[in-house]
Amino acid sequence: MKRRFQTIRFVLGDQLTPGLSSLSDADPDRDLIVMAEPRNEATYVPHHRQKIVMILSAMRHFADELRDQGFEVAYFDYQDRPVTSFTEALKAAIDAHDIQHAVITQPGEWRVKHEIESWSEKLGVSVDIRPDDRFFAPLAAFEDFAKDRKELRMEYFYRGLRRETGILMEPDGKPVGGQWNFDHDNRKRLPDDVTPPAPKTFAPDKITQALLDRAMDDFPDALGDVATFGWPVTRKDALIALDQFITHRLPCFGDYQDAMTVKSATLYHSLISPCINIGLLLPDEVCRAAEKAYHEGKAPLNAVEGFIRQILGWREYVRGLYWYLGPDYGSGNHFKARRPLPGFFWDGDVPMKCLKQAIGETLENAYAHHIQRLMVIGNFALLAGLDPKEVCDWYLAVYIDAFEWVELPNTFGMALYADGGKMASKPYAASGKYIDRMSDYCQGCQFNPRKNTGTDACPFNALYWHFMDRNADKLGNNPRLGMPYRNWARMKDDNKRELINQAEAFLSKLDDGKLDTSPAQADLF
Ligand code: FAD
Ligand code: DLZ
Ligand code: SF4
């Protein structure tokens, strides 16, 4: 007998969690599930094809799991039931079933939230937007934290969540190990004789393979290849990936958290961000699994605390910040940076080895780890004064885990300091010496990280001083930048001029597109 549905449960592509708030009281006899692959969502930035395939495949698997539980799923796939927007999909479902009520969990972007908020008026349905309770902290908790503070810093929010959840806490309310943060232990360079273990990859099943086969033709404006695709697309596989990380890579995660190497694109990182972000894994279960490994003596505290801080600390903090700062966060430009994104961001063809490696791996795998994103690509964008909007759109497109609520604060706030310090207490600006200290990239580079001027000088060095000098009015009084500004003040005028000229020569080559040539022919200076 055909069921008569009363309510639509609309599930978005990053809401693939069985206990989702919009599904918690769903009933197969009364409720119709709607899921959609709208053209808009695949094209608002030129997403990496691996990201598109992962999301669509995970959605299709999730829809099948709901069908196995007896639900009817109206699934608008881009091939057979194409729609341009979520609104169009909802309208089609309403028209077909004459339903007047829809339930949805709050989405991960202001853009989609505004679209959902238009539904009642546009489509004549009542809409119940429920909180996304897959995070540790409700949004109101972040507002409480933020409201009387001049500065919103992650560390204090994190400590509050440690206390609240009891994660890595002693019964007397003190942090396990006697301190909150083991960051100073987590800055080792990878030794030459150590090669990190490869992460687990998953062979595509029929659903994934069908998407992979069509990805190049069906998403012509997307970027990247799908050749290296091995991402989990079900909760079952995501749990295997988590387990494999906890067993094989978590023990060294802390030591080499900030290291970079040509030997491995992933080092000891977990690669679980896309799984958490689309709902295949819950942050709580991930943190508890890491904590358990510590208590069982399988991983040291610096690794476990370092890992948990990324999720319980940074992930919760950036999410709170994104919603707290409102839909216009991201429209400012503190340093008035206006340089267009160079062409090599799209093909990785650049003579600077660190950028070539980090951008190249990004384009190949839809993944780069945190320090590549922050201290190589982000640092370059900051020092070279690239336009924040273009940079943020690039990050939103290229990474497998990129959703605006997490991408924007990290890129606009943390990497570019384009918000003038709402998120970070100082810009993460660094010279080539930092990259040399934390990686083996410079060994294979035509530039020398110890040289500041001359044809083979590392461009990051002069760019660093150019950035500090041109923004002295905005940064000169920052107490955390006292040392570099004192060093700059002590430098001889001739040296300063040479550095500024060196940086300007580089920036004009960049503007002329001359960095986009192959290194062998590059006559850069
Ligand atoms: P691991 O190093 O293993 O870390 C464990 C987990 O901690 C991650 O899976 C992630 O869930 C969480 N995490 C770590 N750092 C952060 C952070 N700064 N903010 C939020 N969560 C964090 N992360 C995204 O999920 N999506 C993005 O679009 C994104 N864009 C970024 C852009 C820039 C410029 C920077 C500097 C960072 C960005 N990050 C983003 C944060 C971080 O780089 C990624 O979460 C991480 O690299 C994902 O790889 P992993 O799972 O191996 O992480
Ligand atoms: C990023 C993305 C892509 C590529 N495709 C879909 C899709 O087909 N269906 C869907 O529901 N969501 C998709 N997403 C994620 C959305 O663009 C958006 O980021 C989230 O819905 C915000 O919660
Ligand atoms: Fe990058 Fe400079 Fe090192 Fe080359 S020398 S890899 S440009 S930091």
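Residues numbered from 1 in each chain as written. Chains lettered and ligands numbered in written order. Predicted model: local features only at pLDDT ≥ 70, side-chain atom pairs only at ≥ 80, totals over all residues. Heavy atoms only, no water.

**Q** Help me out: how do you make sense of the nonpolar core in this one?
**A** Note that soluble globular proteins tend to have their nonpolar side chains buried in a common cluster. Formed by 155 residues in total, the largest nonpolar core has its most connected members in M35, L250 and F380. Apart from residues lying up to four places away in sequence, M35 is in contact with V11, L16, M59, F62, A63, V73, A74, Y75 and F76. Ranked by size, the runner-up nonpolar core spans 23 residues in total, among them L12, F76, I94 and V112. (Core = buried A, V, L, I, M, F, W, Y, C linked by side-chain atoms within 4.5 Å. Buried < 20%, exposed > 50% of the residue type's maximum accessible area, 1.4 Å probe, protein only. Contact = heavy atoms within 4.5 Å.)

**Q** Is there a simple way to think about the site of ligand 3 in this case?
**A** All residues adjacent to ligand 3 are M352, K353, C354, G432, I435, C442, C445, F447, P449 and C458. Elements with a minimum of two residues in the shell around ligand 3: α15 (353–365) and α19 (432–438). (Near = heavy atom within 4 Å. Helix = DSSP H or I, 4+ residues; strand = E, 2+ residues; numbered from the N terminus.)

**Q** Where do I start with the packing of helix α2 (residues 49–68) against helix α8 (residues 206–218) in this structure?
**A** Between two packed helices, both the angle of their axes relative to each other and the distance between the axes serve to describe the pair. Remark: α2 packs on α8, axes separated minimally by 9 Å, with the N-to-C direction vectors making an angle of 150°. Where α2 crosses over α8, the handedness of that crossing is right-handed. Residues R49, V53, L56, S57, R60, H61 and D64 of α2 form the contact with α8, whose own contacting residues are I207, T208, L211, L212, A215 and M216. A per-class count over the contact of α2 with α8 returns seven nonpolar, three polar and three charged. (Axes fitted to C-alpha atoms, helices over the stretch in contact; angles between N-to-C directions. Left-handed = near helix turned anticlockwise from the far one by under 90°. Nonpolar A, V, L, I, M, F, W, Y, C, P; charged D, E, K, R; others polar.)

**Q** Please clarify how the site of ligand 1 should be interpreted in this entry.
**A** Close to ligand 1 lie 29 residues, the nearest being H269, S270, L271, N277 and Y367. At 2.6 Å, a side-chain N or O of S270 approaches an oxygen atom of ligand 1. Measuring from an oxygen atom of ligand 1, one finds a side-chain N or O atom of H370 at 3.0 Å. Notes on ligand 1: free accessible area 810 Å², of which the protein chains cover 99%. Going through the elements one at a time, α11 (273–278), α13 (301–325), α16 (370–383) and α18 (404–415) are the ones with two or more residues in the shell around ligand 1. By residue class, the composition of the shell around ligand 1 is 16 nonpolar, nine polar and four charged. Split by domain, the shell around ligand 1 shows at least three residues from each of two domains, domain 2 (139–199 + 249–325) and domain 3 (344–523). (Polar contact = N/O pair within 3.5 Å; in protein donor to acceptor, adjacent residues only side chain to side chain. Areas by Shrake-Rupley, 256 points an atom, 1.4 Å probe, with all protein chains shown as cover. Domains from an automatic or database assignment.)

**Q** It is not clear to me how the pattern of salt bridges should be interpreted in this structure. Could you clarify?
**A** Close approach of charged atoms lets side chains of opposite charge pair. In this structure the tally under the stated criterion is 33 salt bridges. When the shortest N-O distance is used, the salt bridge between D494 and R497 registers 3.4 Å. Of this pair, D494 and R497 both sit in helix α23 (residues 493–511), three residues apart, which is roughly one turn of that helix. Look at R497 and you get partly exposed, because its relative accessible area is 47%. Residues participating in the shared-partner salt-bridge network are R9, D25, D31, D128 and R130. (Salt bridge = Lys/Arg side-chain N within 4 Å of Asp/Glu carboxyl O.)

**Q** Please clarify how the pairing of strand β1 (residues 7–10) should be interpreted in this entry.
**A** Regular strands place their side chains on alternate faces of the sheet. Burial of the side chains of β1 extends over both faces: T7 and R9 are buried on one face and I8 and F10 on the other. Sheet analysis places β1 next to strand β2 (residues 31–36), joined by four bridges and oriented parallel. Across the sheet, residue R9 finds its bridge partner in β2, namely I33. Relative to strand β4 (residues 101–105), β1 runs parallel, the two sharing four bridges. If you follow R9 over to β4, its bridge partner there is V103. (Pairing = 2+ DSSP bridges.)

**Q** Can you walk me through the environment of G482 in this structure?
**A** Among the secondary structure elements, G482 is positioned in helix α22 (residues 482–490). G482 gets classed as buried once you look at its relative accessible area, which sits at 17%. C-alpha separation for the pair G482 and K91, spaced 391 residues apart in sequence, amounts to 58 Å.

**Q** Looking at this model, I keep getting lost on the packing of aromatic side chains. Mind explaining?
**A** Aromatic rings in a pair are described by how distant their centres are and how their planes are angled relative to each other. The final tally for this structure, using the stated rule, is 31 aromatic pairs. Taking the centre distance of 5.8 Å and the plane angle of 85° together, the rings of F10 and F86 count as edge-to-face. One end of the pair, F10, is in strand β1; the other, F86, is in helix α3 (residues 86–97), with 76 residues separating them in the sequence. Given the relative accessible area of 0%, F10 is considered buried. Residue classification places F86 among the buried positions, given a relative accessible area of 7%. Ring geometry for Y329 versus F412: centroids 5.3 Å apart, planes at 75°, classification edge-to-face. (Phe/Tyr/Trp six-rings, centres within 6.5 Å; stacked < 30°, edge-to-face > 60°.)

**Q** Can you walk me through the sheet that holds β1 in this structure?
**A** Backbone-to-backbone hydrogen bonds join strands into a sheet, with any given pair of strands oriented parallel or antiparallel. Taken together, five strands build an open sheet; the order of strands is β3-β2-β1-β4-β5 and the sheet is parallel. Only two strands of the sheet have a single neighbouring strand rather than two, namely β3 (72–76) and β5 (126–130). Recorded for the sheet is a direction-independent mean angle of 25° between the axes of neighbouring strands. This element, α2, spans β2 and β3 of the sheet and lies at about 160° to β3. Across the sheet, α3 lies against β1, β2, β3 and β4, angled at about 155° from β1, the strand it touches most.

**Q** Explain the side chain of R49 to me, please; I cannot follow it from the model alone.
**A** Structurally, the position occupied by R49 is in helix α2. Buried charged residue R49 carries no salt bridge. Nearest counter-charge: D225, at 6.8 Å. Here A215 takes part through its backbone oxygen, which lies 3.3 Å from a polar atom of the side chain of R49. Setting aside its immediate chain neighbours within four residues, R49 contacts A215, M216, F219, P220, A222, L223, G224 and V226. (Lys, Arg positive; Asp, Glu negative; His and termini not counted.)

**Q** What is the right way to look at helix α20 (residues 459–470) in this model?
**A** Turn by turn, an α-helix covers 3.6 residues, leaving residues three or four places apart pointing in a common direction. Between its terminal C-alpha atoms α20 stretches 16 Å, which fits the 16 Å expected from 12 residues at 1.5 Å a residue. With 10 of 12 residues buried, α20 is to be regarded as a mostly interior element. Within the span of α20, buried status applies to P459, F460, N461, A462, L463, Y464, W465, H466, F467 and M468. On its buried face, α20 sits against α15, α16, α19, α21 (472–475), α22 and α23. (Expected span 1.5 Å × (residues − 1).)

**Q** Would you mind showing me how to read α15 here?
**A** Under the 1.5 Å per step criterion, the end-to-end length of α15 is 18 Å for 13 residues, consistent within 8% with the ideal 18 Å. Residues of α15 that are buried: C354, L355, Q357, A358, I359, E361, T362, L363 and N365. In this structure, the buried side of α15 is in contact with α2, α14 (344–347), α16, α17 (388–398), α19 and α20. Where α15 ends, the next residue or the one after it, A366, has phi of about 60°, a positive value.

Everything listed here is a matter of geometry and, on its own, says nothing about what the molecule does.
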